[in-house]
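# Working through the structure, step by step
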There are 2 protein chains.
Amino acid sequence: MNTFLSCDWGTSSFRLRLVSRTGGHVLQEYTSPDGVQQIYNAYQQELQSSDRESYFFAFLNNKISAFSMQTDIDLDGLLLVCSGMASSSIGIKSLAYAGLPFSCSGRDVVFHFFKPSANFGHPLLLVSGVRAEEDVMRGEETQLIGVMAKIKDVKGNGMFIFPGTHSKHVAVQNQKISNFQTFMTGEVYSLMSRASILSKSVSSSDSQGPEMEKAFEQGVADGAEQNLLSAFFKVRAKDLFGKFNKFENSQYLSGLLIGNELGNLADESGNSVFLCSDARLSGYYSKALQILDIPSTVLSPELLRYAAVYGQIEIINQIEMHEKDIFLGCL
Amino acid sequence: MNTFLSCDWGTSSFRLRLVSRTGGHVLQEYTSPDGVQQIYNAYQQELQSSDRESYFFAFLNNKISAFSMQTDIDLDGLLLVCSGMASSSIGIKSLAYAGLPFSCSGRDVVFHFFKPSANFGHPLLLVSGVRAEEDVMRGEETQLIGVMAKIKDVKGNGMFIFPGTHSKHVAVQNQKISNFQTFMTGEVYSLMSRASILSKSVSSSDSQGPEMEKAFEQGVADGAEQNLLSAFFKVRAKDLFGKFNKFENSQYLSGLLIGNELGNLADESGNSVFLCSDARLSGYYSKALQILDIPSTVLSPELLRYAAVYGQIEIINQIEMHEKDIFLGCL
């Protein structure tokens, strides 16, 4: 079977793609805000009339039918691969995390295989996440497997940055994840700009210009050097003293947080830094890395857009190679 | 006039006291949650039928009448001294900040004196705050003046810590505030424990015990050493991995934030640290200073409770000494 359904399912987003396994071309794509959290909440509200797996299967059946209608392609019986939060305690089925070190080939992935059933007519490969001593991720490991398969100039070592609500810094040594850290950068930005006293001092805007850039740059420099709990309050002072307008101040706050996140990379000298960002954040993060004088390779946002797909293909290949019986009759 | 009305008016609290000027004894006390913010919001909602000063005066008249009824003491015509947020842009009247260096004697205070009028029968002394290059405070300067007047073993130098929603670190050199920094510790704790993904991993509790203390201690140590954006996520990991229960995790998060705030004091060697905390936070902060091996003098929470009153007395004394005509006929 040369095509499969790739599902990258986050806490607050759902992405379904029809993919050509050889070459990894995305033939069709369906996205929606139906994150795992929302489906889990709905499941809990409906008095748990069915078991959790069946509830999630029913949702997936609906989505695949809608996708089939939209594309006018028969998707019956195709393998579905799910990575991300679908394997968490609020997902289809809670799977244990893989440990460290974790091979970037996809060999060490923890997964569960569901054979096609009356409930759900597709074979389903559910991919779990990875844990460190004091950290967890679900989804970025699959993206990293995809990234490592696609980029050629990686010698198997580096620090891979995945910006986002919960930004991940993944350390790779000898083609294996040796450790990783989560930074709550995006979520803290959202809380501080919406719900804290600073909300009166910032306004987001799509406009750009030298003044906005200058405010971001100063934020990055301050955030990398200063204690964050104290630096936050400077956002208020800059408003009170008229140093920045509220739009510039929003850029300043954004810079503070990204600078604070990236600041400790400067200590990790000798570690090549790879920025693995989608289009939305790529500009901010690559600029911050420049300001902080941290040499880095910026991977294309286009590659990152489909990194989970490429990672899933590697995982399928590994499973087929090492545990062929699992897919017997399905691929 | 030996008695006056002391008002310590914060963003979210209102404290009115009848004070004996000589000796600084608090004879009667009235507190309510009528913070400046609430009165300002009410003023804005009532379509600004009166001007702002008159609106705030009407509120103060009501409060003083209630206080008089409650105590059965005639308070007519007594001097009212207000410090805190009452001099801010959401207070009675917006006053400019005093600059640095700022004498802890009260000599450099910026203030506005309202003579008794038809609107408000009391002479009113409104005390303004202090600004640094990139920071502001309103209220703590008056508390510090009170603290410095009361403690005898201060040689005029030190770092004075005022914990709270917006914790202040005030550096004093030669009896003058040379600089200060605000840490948003309390507000960030509130946001992270109520509104972030961590809210699922913490529960506050009044219970104490060795396990709770151990969690707080570990939080302080981690917070002092680690990047806060990353340390936050460990709260989630400790819940997922069952290392702490949600009550212990709440203590851990509290420790993380206080440790992160106080961590940089360790660098300020040679600077005596004075903890100026109310009863609510004194235990946490003094313990954190011990854990971080930062020698400190813990001032009594009882002193801090009335520090604003003592500071206001020093300010009255200074004004009377240097600008006697202001109080002519009022004191």
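Bear in mind that the values here come from a model prediction, so they are computed numbers and not experimental data.

Analysis parameters
- Residues numbered from 1 in each chain as written.
- Chains lettered and ligands numbered in written order.
- Predicted model: local features only at pLDDT ≥ 70, side-chain atom pairs only at ≥ 80, totals over all residues.
- Heavy atoms only, no water.
- Contact = heavy atoms within 4.5 Å.
- Buried area = accessible area lost by both parts, 1.4 Å probe.
- Salt bridge = Lys/Arg side-chain N within 4 Å of Asp/Glu carboxyl O.
- Polar contact = N/O pair within 3.5 Å; in protein donor to acceptor, adjacent residues only side chain to side chain.
- Helix = DSSP H or I, 4+ residues; strand = E, 2+ residues; numbered from the N terminus.
- Axes fitted to C-alpha atoms, helices over the stretch in contact; angles between N-to-C directions.
- Parallel < 35°, antiparallel > 145°, perpendicular 65-115°, else oblique.
- Nonpolar A, V, L, I, M, F, W, Y, C, P; charged D, E, K, R; others polar.
- Least-squares fit on C-alpha atoms with pLDDT ≥ 70 in both.
- Pairing = 2+ DSSP bridges.
- Domains from an automatic or database assignment.
- Phe/Tyr/Trp six-rings, centres within 6.5 Å; stacked < 30°, edge-to-face > 60°.
- Buried < 20%, exposed > 50% of the residue type's maximum accessible area, 1.4 Å probe, protein only.
- Lys NZ or Arg CZ within 6 Å of the ring centre and 35° of its normal.

This next bit is on the interface of chain B and chain A. The partner chain A presents 42 residues to the 42 residues of chain B that form the contact. Counting each side, the surface lost to burial between chain B and chain A is near 3,500 Å², with a carbon and sulfur contribution of 64%. Where chain B touches chain A, the interface holds two salt bridges. The tally of links from chain B across to chain A stands at 14 residue pairs in polar contact (both at pLDDT 80 or more). Elements with a minimum of two residues in the side of chain B that touches chain A: β8 (130-132), β9 (135-137), β12 (176-183), α4 (185-195), α6 (228-240) and α7 (246-263) of chain B. In terms of residue count, α6(B) provides more of the side of chain B that touches chain A than any other element does, ten residues in total.

Moving on: the packing of α6(B) against α7(B). All names here are of chain B. Where α6 meets α7, the axes come as close as 10 Å, and the angle between the chain directions of the two elements is 170 degrees. Classed by the angle they form, the pair α6 and α7 counts as roughly antiparallel. Residues L228, A231, F232, K234, V235, K238 and D239 of α6 form the contact with α7, whose participating residues are K246, N249, Y252, L253, L256, L257 and N260. Residue composition of the contact of α6 with α7, by class: eight nonpolar, two polar and four charged.

With an axial shift of 0.0 Å and an RMSD of 0.0 Å, the rotation relating chain B to chain A amounts to 180 degrees. The symmetry that links the two subunits is that of a two-fold axis. Most of the interface of chain B is mirrored in chain A, where 100% of its interface residues again form contacts.

Our focus in this paragraph is the sheet that holds strand β2 (residues 14-20) of chain A. Residue and element names in this part refer to chain A. In space, the six strands of this open sheet follow the order β3-β2-β1-β4-β7-β6, with mixed pairing throughout. Two strands close off the open sheet at either side, each with one partner strand: β3 (26-32) and β6 (111-114). Each strand axis lies, on average, 15 degrees off the axis of its neighbour in the sheet, ignoring direction. Of the strand pairs in this sheet, strand β1 (residues 3-9) and β2 are connected by seven bridges, and their pairing is antiparallel. Its bridge partner lying in β2, L5 is registered against L18.

What follows covers the domain arrangement of chain A. In many analyses, interface size is given as the accessible surface area lost on bringing the parts together. In terms of domain boundaries, chain A breaks down into domain 1 (3-151 + 306-327) and domain 2 (185-298). Placing the centre of domain 1 of chain A and that of domain 2 of chain A at their C-alpha centroids yields a distance of 33 Å.

Considering all chains together, one arrives at 28 aromatic pairs over all chains under this definition. Summarising the aromatic geometry, the rings of A:W9 and A:F59 are spaced 5.4 Å apart at their centres and angled 20 degrees between planes, so their arrangement reads as stacked. In this pair, A:W9 is assigned in strand β1 and A:F59 in helix α2 (residues 52-71), connecting sequence segments 50 residues apart. There is no split in this pair, since A:W9 and A:F59 are both buried. Relative to A:Y284, the ring of A:F216 has its centre 5.2 Å away and its plane inclined at 55 degrees; by these criteria the two rings are tilted. Separated by 68 residues along the polypeptide, A:F216 in helix α5 (residues 210-225) and A:Y284 in helix α8 (residues 279-291) bring together distant segments of the chain. Members of the aromatic cluster, joined through ring pairs, are A:W9, A:F14, A:Y30, A:F56, A:F59 and A:F67. Cation over ring: B:K150 sits above B:Y310, and NZ or CZ is 4.4 Å from the ring centre.

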